Amino acid sequence: MGQGNFAARYGFSAAAVRDWEQKRRIPEKAARTLLMLIDQEPQAVERVLVGT
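Source: prediction; values computed, not measured.

Points about the pattern of salt bridges
This structure, assessed with the given rule, holds two salt bridges. Note that Arg 9 and Glu 46 form a salt bridge whose closest N and O atoms lie 2.4 Å from each other. Taken together, the positions of Arg 9 in helix H1 (residues 3–10) and Glu 46 in helix H4 (residues 42–50) put the pair 37 residues apart, joining distant regions of the chain. Residue Arg 9 is classed as partly exposed on the basis of its relative accessible area, which comes to 32%. Across the pair Asp 19 and Arg 24 runs a salt bridge, and its minimum N-O distance is 2.7 Å.

Conventions and cut-offs
Residues numbered from 1 in each chain as written. Predicted model: local features only at pLDDT ≥ 70, side-chain atom pairs only at ≥ 80, totals over all residues. Heavy atoms only, no water. Salt bridge = Lys/Arg side-chain N within 4 Å of Asp/Glu carboxyl O. Helix = DSSP H or I, 4+ residues; strand = E, 2+ residues; numbered from the N terminus. Buried < 20%, exposed > 50% of the residue type's maximum accessible area, 1.4 Å probe, protein only.

Following this line, the structure appears as C-alpha cells:
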C-alpha cells in the first residue's frame, strides 16, 4: 500500500506519513498507538474501520 492510500485508509495526512518515514517528524502519542495497532493487529483495526 502506498503512502497516500495508507494515509487515507487510517486517517493520517499523506504529508505526515511521508515525514514519519523520512524521520523529519515523530508521530504524536495517539498516532503512535494506532500505528502499533496497525502493525500488530491489522485485522482488528480493519474490523473497527468497517464497523464489524
